[in-house]
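Here are the chains, one letter per residue:
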Amino acid sequence: MQPTAHTATVRIAGTEITFETGRIARQAQGAVLARSGDNVVLATVTAATAPKPGQDFFPLTVEYREKFSAAGRIPGGYGRREGRISDHEVLISRLIDRTLRSLFPDEWKSEVQVQVQVFSAEPTSDLESLSLLAACAALHVSPVPANGPAGGLRIQRVHGQWLAFAGKSQREFADLEFSVGVGPDGLVMLEGGALEASEQDAVAAIAQATEWIQRCHRAFDELRAAGGQPKWPLPPPPVLPALPETTLAALRAALQVTQKAERRAGIAAAEVAWLQSLPADQIAAAKQAYGHAVWTETRELALASGRRLDGRSTTEIRPIWSEVGLLPRAHGSALFTRGETQAIVSCTLGSPDDAQRLDNLADHGGSERFLLHYNFPPYSVGEIRPLRGPGRREIGHGSLARRGLCAVLPGMSDFPFTIRIEAEITESNGSSSMATVCGGTMAMLHAGVPLAQPVAGIAMGLISDGSRHAVLSDILGDEDHLGDMDFKVVGTARGITAIQLDNKLGGLPAAVLEQALAQARTGRLHILAAMATTIAAPAAPSRFVPQAMRIAIMPDAIGALIGARGANIKAITESTGARVSVDDNGEVLIYATDQNSAQRARLMVLRSAGVLKIGRCYRGTVTGVKDFGAFVKINAANEGLVPIEELDRQPVRHAGDIAREGEEMIVAVLGADDRGRLRLSRKQALGVDEAQIEY
């Protein structure tokens, strides 16, 4: 017997979305099939009913996956099967995770796994929004005791109009694009970019997205009422012992130390001194009590006195110093330091062939010319751990920094280079992604990249007890961990280019958000001014930066330039050391670090493509001799006639007296006859210098 399906439907900005539960994936604790047009996404939630013994944290795992079969494609590669999770899938997994995580109560420590899989897709549509909403609906209908309903979607502004579920062709014209997550109490997640949007624009986008998402909240409540399960009871909160006054005094004294290492050592010493006086069976509860005391005392310090762990006021920015040119052989490099956060950032310029090829449902066959790779080695925080590939945090931080810098990049027609930024975090105590933005700006300027505006980033924090609020500028790592908000704002002096927010409160009052945005702008301007003292405009490129030369050839000559299986264009590169690329319109770009290599490559390109100029001299080979003249082949594309009267300055009776088949002949181009055939002259090329011969 077919099970009953329960459905709920919502319409947002002209798009209808249907959510179904009860018919598919019934052994999961929660499952929702979401549909929008040809797009079908399944979200499932599974959870353990009890935490593992000794587990003192909440293990939430979110996995978003796209299958090529959803778009009627077979994966490439030897196995013809999807491989490891892609960066694109990681970024959407993070959006879902950050929307859901704050909904779980502190008492819940049992493992939860959320899986979202795309089963059918129109590749250019908005799968991100559909997946976010499906995951939120699945959690709400499940018995897992999360504080729902929540929802999330991506909002764009195109030609002044707010859009949701916009297609790729519409999103290309957006000047603002935010992904917004909203819980029952308000904003919980924000991620996006803009073309120098104002703070008022950001607030308006969040407000419009919130109104749309609240429609989904009502639909999810209907779905839960029809096919949801009763929520599991929460475990009782642990009973924690009170800290002795001596331990509390030692903790408060340690929190007055402004240096990170010394402060942490003092906090740890106060804990050890107390734990050593307790029997073994009380140690676990005492550790929890001490951790809670650190959390409480740190927050009270900021709320009561406005003093922070390193002694700053709530609006004060840490000392900044920087330099460019740290790495002699890099095309551009910068060292940026803010307090105890430091990044070495390099900029490398390459040809279009160095662009990253994209292969996912939405970007099959496309490429990306701006790459940003963020690395967070363990020594940056004094840790020892094995080196692995980039984790989800590194991918997410790199994506945020990249988005913030994208808005000010020159177009390909103005600056025909692939740009790669690599950030190595050498020291970290808060906001290393924002140090990457600042260092990335400076490294690109040092490499001579003509940015529209310098860009800087700042991380904001929040501590709130419900009635008192302290918005913190340029937060430390401990303030991120112990605070209620991590809010990163990237932008120029004119406006916001990227934004990211994680809110642990479950909601954020509008007045607090506006204060954080205003405070972030003030801090951003301060940082931009500090950066300008080191570098404020594009520098003259170093001798290691490749120079780009443009040539236009006829589109029908592209095949001759490339050669069979790319053999000819590869031979040009190997012979000259220059990089050569050509597009479908016949624009040839030559990249070389010295003028000699570039000129040699240029001549070889012109020869291969058959580009000739009237009045110029060329080297050719005689291919035939007739009574009326000689045929000379200049290159693979061009062969013309030297009439007998153009063979020599003196009268010639027989062409064979001057020209012999297979011999070299220097000729000048006269033009074309009335039938379009190439006319050449040996007479006009007599006596020319070697330097006057094009090739």
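Basis of the calculations
- In this convention, every chain numbers its residues from 1, walking through the sequence in written order.
- Reporting of local features is limited, given that this is a predicted model, to residues whose pLDDT is at least 70; pairs of side-chain atoms are given and counted only at 80 or more, and all residues count toward the totals for whole chains, interfaces and linings.
- Heavy atoms throughout the structure, all of them, feed into the side-chain values; hydrogens and water do not.
- Where helices and strands are cited, they refer to DSSP runs of H or I of at least four residues and of E of at least two residues respectively, numbered from the N terminus.
- Three labels apply to residues, based on accessible area from a 1.4 Å probe with only protein chains included: buried if under 20% of the type maximum, exposed if over 50%, partly exposed otherwise in between.
- Contacts are assigned to residue pairs that have any heavy atoms within 4.5 Å of one another.
- His is not counted here, nor are the chain ends, while Lys and Arg score as positive and Asp and Glu score as negative.
- Just so you know, the charge point we use is NZ for Lys, CZ for Arg, CG for Asp and CD for Glu.
- Here an axis means a line fitted to C-alpha atoms, over the contact stretch when the element is a helix, while the angle between two N-to-C directions is reported on a 0 to 180 degree scale.
- By definition in this entry, angles of less than 35 degrees are roughly parallel, angles greater than 145 are roughly antiparallel, angles of 65 to 115 are roughly perpendicular, and the rest are oblique.
- Crossing chirality is assigned from the near helix's rotation relative to the far helix, an anticlockwise turn below a right angle marking it left-handed and a clockwise turn marking it right-handed.
- All residues other than Ala, Val, Leu, Ile, Met, Phe, Trp, Tyr, Cys, Pro, Asp, Glu, Lys and Arg, Gly among them, are scored as polar; the first ten of these are nonpolar and the last four charged.
- We define a nonpolar core as any set of buried Ala, Val, Leu, Ile, Met, Phe, Trp, Tyr and Cys residues linked to one another through side-chain atoms lying within 4.5 Å.
- Only when DSSP finds a minimum of two bridges between them are two strands counted as paired.
- Multiplying 1.5 Å by the helix residue count minus one yields the expected span of that helix.
- Working definition: a ring pair exists when centres of Phe, Tyr or Trp rings (six-membered ring for Trp) sit within 6.5 Å. Plane angles under 30 degrees give stacked, over 60 give edge-to-face, the rest tilted.
- The rule is short: NZ of Lys or CZ of Arg within 6 Å of the ring centre and within 35 degrees of the ring normal puts a charge over the ring.
- Salt bridge, as used here: a side-chain nitrogen of Lys or Arg that lies within 4 Å of a carboxyl oxygen of Asp or Glu.
- We define a polar contact as two N or O atoms separated by no more than 3.5 Å, with the added condition that, inside protein, one atom must be a possible hydrogen donor and the other a possible acceptor, whereas residues neighbouring each other in sequence contribute only through side-chain atom pairs.
- In this description, one arc is meant: the one made by directions from the helix axis to the C-beta atoms.

### A look at the overall build of the protein
Then step 1. A tally of helices and strands in the protein yields 14 helices and 29 strands.
Then step 2. When the backbone C-alpha atoms are referred to their principal axes, the protein occupies close to 115 × 70 × 45 Å.
Then step 3. Classification of the 695 residues of the protein by burial places 51% in the buried group.
Then step 4. The long-range fraction of contacts in the protein, counting pairs at least 24 apart against all pairs at least 6 apart in sequence, stands at 68%.
Then step 5. Here the protein contributes 71 positive and 77 negative side-chain charges, whose respective centroids are spaced 3 Å apart.

### What about the packing of helix H13 (residues 567-576) against helix H14 (residues 595-609)?
Then step 1. The contact between H13 and H14 brings their axes to 9 Å, and the two run at 155 degrees. The orientation of H13 relative to H14 falls into the category roughly antiparallel. You can see that H13 and H14 cross each other, and the crossing is right-handed. Here H13 contributes Asn568, Ile572, Ser575 and Thr576 to the contact with H14, which in turn contributes Ser597, Arg600, Ala601, Met604, Val605 and Ser608.
Then step 2. When the residues that make up the contact of H13 with H14 are grouped by side-chain class, the tally is 4 nonpolar, 5 polar and 1 charged.

### Description of the nonpolar core
Then step 1. Of all hydrophobic cores here, the largest spans 134 residues; its most connected members are Phe19, Phe104, Val112, Ile419, Met444 and Phe487.
Then step 2. Non-local contacts of Met444, meaning those with residues more than four positions away in its chain, are made with Cys347, Phe370, Leu405, Leu409, Ile419, Ile421, Val449 and Leu451.
Then step 3. If you look at the next biggest cluster of nonpolar residues, it comprises 35 residues, including Ile572, Leu647, Ala655 and Leu678.

### Overview of the sheet that holds strand E10 (residues 186-197)
Then step 1. Taken in spatial order, the 8 strands of this open sheet run E8-E7-E9-E10-E21-E20-E18-E19, and their pairing is antiparallel. With partners counted over all chains shown, the strands left at the sheet margins are strand E8 (161-164) and strand E19 (469-473), one partner each. The average undirected angle you get between the axes of adjacent strands in this sheet is 15 degrees.
Then step 2. As paired strands, strand E7 (residues 151-158) and E8 are joined by 4 bridges and run antiparallel to one another. Bridging from a neighbouring strand, Val158 pairs with Gln161 of E8.
Then step 3. Along the sheet face, helix H2 (residues 127-141) touches E7, strand E9 (174-183) and E10 and points at about 155 degrees away from the line of E7.

### Quick word on helix H7 (residues 283-305)
Then step 1. Here H7 spans 32 Å end to end across 23 residues, near enough to the 33 Å set by a 1.5 Å rise per residue.
Then step 2. Every buried residue of H7 is accounted for by Ala286, Ala289, Tyr290, Ala293, Val294, Glu297, Thr298, Arg299, Leu301, Ala302 and Leu303.
Then step 3. Those residues of H7 that are buried are in contact with helix H5 (245-254), helix H6 (260-275), strand E18 (456-464), E19 and helix H10 (477-482).

### A closer look at the packing of helix H1 (residues 87-100) against helix H8 (residues 392-406)
Then step 1. Packing of H1 against H8 brings their axes to within 10 Å, and their N-to-C directions diverge by 90 degrees. The angle between the axes of H1 and H8 places the two elements in the roughly perpendicular class. Residue-level inspection shows Asp87, Val90, Leu91, Ser93 and Arg94 of H1 in contact with H8, the latter providing Arg392, Arg393, Ile395, Gly396, His397 and Ser399.
Then step 2. Considering only residue class, the contact of H1 with H8 consists of 3 nonpolar, 4 polar and 4 charged.

### A closer look at the packing of aromatic side chains
Then step 1. As enumerated under the stated definition, the model contains 7 aromatic pairs in all.
Then step 2. Measuring from ring centre to ring centre gives 4.5 Å for Phe58 and Phe104, while their planes differ by 40 degrees; the resulting arrangement is tilted. Taken together, the residues span a long stretch of sequence, with Phe58 in the loop between strand E4 (39-47) and strand E5 (60-66) and Phe104 in the loop between H1 and strand E6 (112-120) at a distance of 46 residues. With respect to burial, Phe58 and Phe104 carry one shared label: buried.
Then step 3. On the basis of an interplanar angle of 70 degrees and a centroid distance of 5.3 Å, the ring pair of Phe417 and Tyr591 is categorised as edge-to-face. Taken together, the residues span a long stretch of sequence, with Phe417 in the loop between H8 and strand E17 (418-427) and Tyr591 in strand E24 (residues 587-592) at a distance of 174 residues. There is no split in this pair, since Phe417 and Tyr591 are both buried.
Then step 4. Here the aromatic cluster, defined as three or more aromatic residues joined through ring pairs, consists of Phe415, Phe417 and Tyr591.
Then step 5. Just above the ring of Phe376 sits the side chain of Arg393; from NZ or CZ to the centre is 4.2 Å.

### Some details on the environment of Ala226
Then step 1. Of note, Ala226 is situated in helix H4 (residues 199-227).
Then step 2. Sequence separation between Ala226 and Thr21 is 205 residues; the distance between their C-alpha atoms is 9.1 Å.

### Overview of the pattern of salt bridges
Then step 1. Under the definition given, this model contains 37 salt bridges.
Then step 2. Arg338 serves as the salt-bridge partner of Asp474, at 3.2 Å between the closest nitrogen and oxygen. A residue pair is termed long-range when its members are at least 10 positions apart, and Asp474 in the loop between E19 and H10 and Arg338 in strand E12 (residues 332-338) qualify at 136 residues. One exposure class covers both Asp474 and Arg338, and it is buried.

### Looking at unusual backbone geometry
The phi angle of most residues is negative, glycine excepted, and most peptide bonds adopt the trans form.
Then step 1. Residue Pro149 is reached from Gly148 by a cis peptide bond, and omega for that bond is 0 degrees.
Then step 2. Assignment of secondary structure puts Pro149 in the loop between H2 and E7.

### What to know about the environment of Thr337
Then step 1. Here Thr337 is to be found in strand E12.
Then step 2. A residue is classified by how much of its surface remains accessible, and Thr337, at 2% relative accessible area, is buried.
Then step 3. For Thr337 and Thr426, which are 89 residues apart along the polypeptide, the C-alpha to C-alpha distance reads 9.5 Å.
Then step 4. In this structure the side chain of Thr337 is engaged in a polar contact, spanning 3.0 Å, whose partner is the side chain of Gln342.

### Concerning the sheet that holds E6
Then step 1. Across the sheet, 6 strands lie side by side as E1-E2-E3-E4-E6-E5; this open sheet has mixed pairing. In this open sheet, the two strands that pair with only one neighbour each are strand E1 (6-12) and E5. Pairwise comparison of adjacent strand axes, ignoring direction, gives a mean angle of 15 degrees for this sheet.
Then step 2. Across 8 bridges, the pairing between E4 and E6 is antiparallel. Among the inter-strand pairings, Val40 is bridged to a residue of E6, identified as Ser120.

### So, H14
Then step 1. Helix length check: H14, at 15 residues, gives a terminal C-alpha distance of 21 Å against a target of 21 Å (1.5 Å per residue), a fit within 8%.
Then step 2. Within H14 the residues assigned to the buried category are Ser597, Ala598, Ala601, Val605, Leu606, Ser608 and Ala609. All buried residues of H14 fall inside an arc of 165 degrees around its axis, so they share one side. Opposite the buried face of H14, at more than 90 degrees from it, the exposed residues are Gln595 and Asn596.
Then step 3. Turning to H14, the residues buried within the fold contact strand E22 (547-552), helix H12 (558-562), H13, strand E23 (579-582) and E24.
Then step 4. Its side-chain oxygen at 3.2 Å from the backbone nitrogen of Asn596, Asp594 defines the N-terminal cap of H14.
Then step 5. Just downstream of H14, Gly610 is the residue with a positive phi angle, here 75 degrees.

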